[in-house]
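One-letter residues, chain by chain:
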Amino acid sequence: MKQKMLARMKYIPAIVAVGFGLAVSSSAQSVVTAAQREPTTATRPFVVMPAQSLSDLERKLRSDNQAEDLIGGEGMQVRVAVQHDKSKPTSAAELHDASDDVYYVLEGTATLTLGGKLDSPAEIEPGEWRSPRINGGQTFQITKGDLIVVPRGTPHQRTGKDFSLILIKIFATPLPAAPTQTATPTPAAAPTPTAVPTPAPKPRTPTMP
């Protein structure tokens, strides 16, 4: 019995050594993995817009219903734009499945309806719903300086005139690249036929009487 115990004890140092070696190896691997991680780099240049520049942009957009993006696009999960409604007496109600909207009103007054349900919604593209009206929503008058947060899944509809805002959209996933349009090849022009010169008529030999 004693001999068997001694035989088993001979293996204990080896087992301890193997375990220690695995622990050291795992620890070293963790240190290497941690050392290899680095902070990400910016995907877009930062934007600093002084108040005067923002005011100039808002005035530039007043001529029509239009918007200008400050940041956004492929790979981004946020879009920031300045938007102006020259005249929007009617507009479709909207609902976004995968994006939140934040409005900060710069100028003017608009009527905003939130909540309720879309009436006869139509999905114009995946996750983007439109409807002629909202049933059972709450209506607000929004004006300069107001901040509005519209979580994804919330029906919303806005009408107004001479109204400007900063729009911030937060997307659930990064935006994909815009689909590339394949240019239709222009057919080659048919070769211009080469004119074959008409041989000059041979002079007639006068007939002697």
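This one's a predicted model, so the numbers in the text were calculated from it and none came from an experiment. Numbering of residues starts from 1 in every chain and runs along the sequence as written. Local features in a predicted model are, by the rule used here, given only for residues with pLDDT of at least 70; side-chain atom pairs are given and counted only at 80 or more, and totals for whole chains, interfaces and linings are based on all residues. Side-chain figures throughout are based on the complete set of non-hydrogen atoms in the structure, without hydrogens or water.

S.K.: Could you clarify how one ought to interpret the side chain of Asp100 in this entry?
M.R.: Mapped onto the secondary structure, Asp100 falls in strand 4 (residues 99–114). Polar contacts here mean pairs of N or O atoms no more than 3.5 Å apart (in protein, one a potential hydrogen donor and the other a potential acceptor; neighbouring residues in sequence count only if both atoms are side-chain atoms). Looking at Asp100, its side chain comes within polar contact range of the main-chain nitrogen of Arg152, at 2.6 Å. A run of H or I in DSSP becomes a helix once it reaches four residues, and a run of E becomes a strand once it reaches two; helices and strands are each numbered from the N terminus.

S.K.: Is there a simple way to think about the pairing of strand 10 (residues 147–150) in this case?
M.R.: In summary, the side chains of a regular strand alternate between the two faces of the sheet. Exposure categories follow from relative accessible area, calculated using a 1.4 Å probe and restricted to protein chains: below 20% of the type maximum is buried, above 50% is exposed, and the middle band is partly exposed. Alternating positions in strand 10 separate cleanly, Ile148 and Val150 being buried on one face and Leu147 and Val149 remaining unburied on the opposite face. Relative to strand 10, strand 4 is paired through four bridges, and the arrangement is antiparallel. By the bridge assignment for strand 10, Asp101 is matched with Val150. Strands qualify as paired when DSSP identifies two bridges or more between them.

S.K.: In this structure, what is going on with the pattern of salt bridges? I would like to understand it.
M.R.: When the charged atoms of two side chains lie near each other, side chains of opposite charge can form a pair. The working definition used for a salt bridge is a side-chain nitrogen of Lys or Arg within 4 Å of a carboxyl oxygen of Asp or Glu. The tally for this structure, following the rule as stated, stands at 12 salt bridges. For the salt bridge of Glu58 with Arg62, the shortest nitrogen-to-oxygen distance reads 2.8 Å. Salt-bridge contacts for Asp85 lead to Arg158; the nearest nitrogen and oxygen are separated by 3.0 Å. Within this pair, whereas Asp85 is found in strand 2 (residues 78–88), its partner Arg158 is found in strand 11 (residues 156–171), the two being separated by 73 residues in sequence. Salt bridges here are not isolated pairs; linked through shared partners, they connect Asp85, Lys88 and Arg158.

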